[in-house]
Amino acid sequence: MSDNLKASVVSGMKWLAVSKFIIQLLRWGATFWVIRLLNSEDYGIMAIVGIMTAILMSGNFLSIGNVIIRFKIVSKPILDTLFTLTILLGILFTAIQFFLAPWFASFYETEQAELVLQLMAFTYFIEALSVRPMALLAKQMKFKVLAKIDLIMGVITPASVLVAAYLGMGYWAIAIGLVVNSLVKSITSNLLMKTDFTFGMHFKRTSRLLSFGLQNSISSIIAEINSQLDFIVGGYYFTTSQLGIYSVGLQISFIPLRKLSPELRRIAFPAFSKINNDKPRVLSYYLKSIRLISLFVFPLFFGLGLVAEPLIEVVLTSKWIESAIIIQIICFALPFRLLTETSIGMLNALGLSNIVLKNNIITIVVFVLAVIPLIDTGITGLAWAWVISIMAAYIKMLYEITKILPTNVFSIIRALSPSLLASIIMILIIIVANLSLEIEGATLLCVDILAGGVGYFLAVFFGNRSLLQELQNMFKK
């Protein structure tokens, strides 16, 4: 990686890391507090709502933002045409959700979902206004500005949810927060990245660029369908209360993933796009990325799974204790989900979104085949089907990468093994501590976190100190 590119990436990571740390303190606090205020029925209703909204939003406006980022030169007439298409798609998605809301709510026998879906339909048009400025900021690698936008969103959005929840608005509090988030994102991005609202009609000149975006968008939709399959199936078979318990367990498990994954993609996609013609450099950057990412994600998710029960009891109260088993099952597969997402960012930058599409289709098939025999076991069956599909997706992705880059599976496994082995040692230390000490509640949670954290650091320090040195050197330069 060139010095300038590396400096931009490292600077971006620093700014995003600082802003995300502050945001997460606010959002996690607000999320946990809202969960305490609401009940499983509220989260079950919003899980049903999320099926449609997540799938439509995953179309990502034909990935027009990625088109702007990936292609080095995009003229003003083409930018204006892409803006026109984005607005038209925003209107189309708004109309689809608004008019399909009654049928969708009826299908899942959840009449409360209808009005929520109709309100949230307008977020597609609002989001469309932010596509161009956000893409231009990422293309120019202005991560400091992106961090400011995230920080503003991170303060206003959870505050709006908390206020609505305290006013007794139930599931509407979550819906209001999602609308507010879209509004703040569009307003701040357009204020901090000045762009004119001019329309263009050069559709023939734009079609070549959109072929990449269309394939990327289809892949994203299929990936989102895959990620929503548990709710698509669970919403039909289980009550909203059961689905709410599952949803909260999944939400707690996915908090780190949903915060880390977009930021890694935001940095990795522009960076890989700039060196996509140099496969050896792409490989070097990719191995370094997964080596450093694994340093954090394995202990983070494994640790979250281990402390699930005391965490639920202390933070969310015992009324949510049934969610703990969902966290315990899913968290041990989520590091591989994040590593798959990192690989997807790299493949998209190389223009290989067709591989991502195939991988997502395979993942859907695996989930469906897994969930059929597991559905009778209850909501835990949904979680186990998730684990099986995540691992299948990661194994398939490894195979594809070895065909594209000059590497093999063992090289990739070697990059992950130091962090994975240290995390296994951390797990053993926490288990021993739990068996040796007769404590519970907040004390148990603190002891588990302290023992696990110290054990993991010592395992990495004495087992592979070069990994810590690599991280230190990266942020020094």
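Note: the structure precedes this text.
Please read all numbers here as calculations on a predicted model, not as lab measurements.

To continue, consider the overall build of the protein chain. Per the secondary structure count, the protein chain includes 19 helices and zero strands. Looking at the 477 residues of the protein chain, the share that counts as buried comes to 57%. Pairs at least 24 apart in sequence give 83% of the contacts found in the protein chain among residues at least 6 apart. Per element, the accessible surface of the protein chain, about 20600 Å² overall, is 69% carbon and sulfur.

All told, the structure shown has six salt bridges when counted by the stated rule. Notably, a salt bridge pairs Arg132 with Asp80, separated by 3.2 Å at the nearest N-O pair. Here the residue Arg132 occupies a position in helix α6 (residues 123-139), and Asp80 occupies one in helix α4 (residues 76-107), the gap between them amounting to 52 residues. For the residue pair Arg132 and Asp80, the accessibility class agrees, reading buried in each case. With its nearest N and O atoms 2.3 Å apart, the salt bridge here joins Lys396 to Glu400. In this pair, Lys396 and Glu400 both sit in helix α16 (residues 379-404), four residues apart, roughly one turn of the helix. Just as Lys396 is buried, Glu400 falls in that class too. In this structure, a network of salt bridges that share partners links the residues Lys76, Asp80 and Arg132.

This part covers unusual backbone geometry. Positive phi, normally seen in glycine, also occurs at Glu109, with a value near 50 degrees. Within the secondary structure, Glu109 is located in the loop between α4 and α5 (113-120). Within the chain, Thr317 stands out as a residue other than glycine whose phi angle is a positive 80 degrees. Among the secondary structure elements, Thr317 is positioned in the loop between α12 (308-316) and α13 (324-331).

With that out of the way, let us pick up the packing of helix α11 (residues 279-306) against helix α17 (residues 409-436). At a minimum axis separation of 9 Å, α11 and α17 run at an interaxial angle of 20 degrees. What the angle tells us is that α11 and α17 run roughly parallel. The hand of the α11/α17 crossing is right-handed. Residues Tyr286, Leu287, Ile290, Arg291, Ser294, Leu295, Phe298, Pro299, Phe302, Gly303 and Leu306 of α11 form the contact with α17, whose participating residues are Ser411, Ile412, Ala415, Leu416, Ser419, Leu420, Ser423, Met426, Ile427 and Ile430. The residue makeup of the contact of α11 with α17, split by class, is 15 nonpolar, five polar and one charged.

Along α13, six of the eight residues are buried, which leaves the element largely enclosed by surrounding structure. Listing the buried residues of α13 in full gives Ala324, Ile326, Ile327, Ile329, Ile330 and Cys331.

A few words now on the packing of aromatic side chains. For any pair of aromatic rings, the description consists of the separation of the ring centres together with the inter-plane angle of the planes. Applying the stated criterion across every chain yields a total of 21 aromatic pairs. Against the face of Phe83 rests Arg132, its NZ or CZ located 4.6 Å from the ring centre.

It is worth spelling out the environment of Ala173 at this point. Locating Ala173 in the fold gives a position in helix α8 (residues 171-192). Beyond its immediate stretch of four places on either side in the chain, Ala173 contacts Val161, Ala164 and Ala165.

Let us now look at the nonpolar core. Tyr246, Ile252, Leu316 and Ile330 are the most contacted members of the largest nonpolar core, which has 144 residues in total. By residue number, the principal contributor to this core is α11, which donates 13 residues.

You can see Ile375 is positioned in the loop between α15 (353-374) and α16. What makes Ile375 buried here is its relative accessible area of 13%. Sequence separation of Ile375 and Asp230 is 145 residues, and the distance between their C-alpha atoms is 9.9 Å. Beyond its immediate stretch of four places on either side in the chain, Ile375 contacts Val233, Tyr237, Phe238 and Leu382.

Take the side chain of Ser182 next. Locating Ser182 in the fold gives a position in helix α8. Residue classification places Ser182 among the buried residues on the basis of a relative accessible area of 4%. One polar contact links Ser182 to Glu127, side chain to side chain, over a distance of 2.8 Å.

The subject of this paragraph is the packing of α4 against α6. In the contact formed by α4 and α6, the axes pass within 7 Å of each other and the chain directions differ by 150 degrees. What the angle tells us is that α4 and α6 run roughly antiparallel. Both α4 and α6 take part in a crossing whose hand is right-handed. Residues Leu79, Asp80, Phe83, Thr86, Ile87, Gly90, Ile91, Phe93, Thr94 and Gln97 of α4 touch α6, and the partners they reach there are Tyr124, Phe125, Ala128, Leu129, Val131, Arg132 and Leu136. Each residue belonging to the contact of α4 with α6 can be placed in one class, and the counts come to eleven nonpolar, four polar and two charged.

Our focus in this paragraph is a nonpolar patch on the surface. A cluster of nonpolar side chains, Leu26, Leu151, Ile152, Val155 and Ile156, forms an exposed patch at the surface whose accessible area comes to about 350 Å². Per-element accounting of the nonpolar patch gives the leading share, four residues, to helix α7 (residues 143-166). Tracing the backbone through its elements, the reader meets Val155 in helix α7. On the basis of relative accessible area, Val155 is assigned to the partly exposed category, the value being 42%.

What follows deals with the environment of Trp320. Inspection of the secondary structure assignment puts Trp320 in the loop between α12 and α13. Spatially, the C-alpha atom of Trp320 lies 8.9 Å from that of Ile35, the residues being 285 residues apart in sequence. Once residues lying within four places of it in the same chain are set aside, the contact partners of Trp320 are Ile35, Leu38, Asn39, Ser40, Tyr43, Gly244, Ile245, Val248 and Ile312. Here the side chain of Trp320 touches Ile35 through a polar contact of 3.1 Å, landing on its backbone oxygen.

What counts and how
- Residues numbered from 1 in each chain as written.
- Predicted model: local features only at pLDDT ≥ 70, side-chain atom pairs only at ≥ 80, totals over all residues.
- Heavy atoms only, no water.
- Helix = DSSP H or I, 4+ residues; strand = E, 2+ residues; numbered from the N terminus.
- Buried < 20%, exposed > 50% of the residue type's maximum accessible area, 1.4 Å probe, protein only.
- Contact = heavy atoms within 4.5 Å.
- Areas by Shrake-Rupley, 256 points an atom, 1.4 Å probe, with all protein chains shown as cover.
- Salt bridge = Lys/Arg side-chain N within 4 Å of Asp/Glu carboxyl O.
- Axes fitted to C-alpha atoms, helices over the stretch in contact; angles between N-to-C directions.
- Parallel < 35°, antiparallel > 145°, perpendicular 65-115°, else oblique.
- Left-handed = near helix turned anticlockwise from the far one by under 90°.
- Nonpolar A, V, L, I, M, F, W, Y, C, P; charged D, E, K, R; others polar.
- Phe/Tyr/Trp six-rings, centres within 6.5 Å; stacked < 30°, edge-to-face > 60°.
- Lys NZ or Arg CZ within 6 Å of the ring centre and 35° of its normal.
- Core = buried A, V, L, I, M, F, W, Y, C linked by side-chain atoms within 4.5 Å.
- Polar contact = N/O pair within 3.5 Å; in protein donor to acceptor, adjacent residues only side chain to side chain.
- Patch = residues over 30% accessible without salt bridge, like charges linked within 9 Å, V, L, I, M, F, W, Y side chains within 5 Å.

By themselves, these are just geometric observations and shouldn't be taken as functional.
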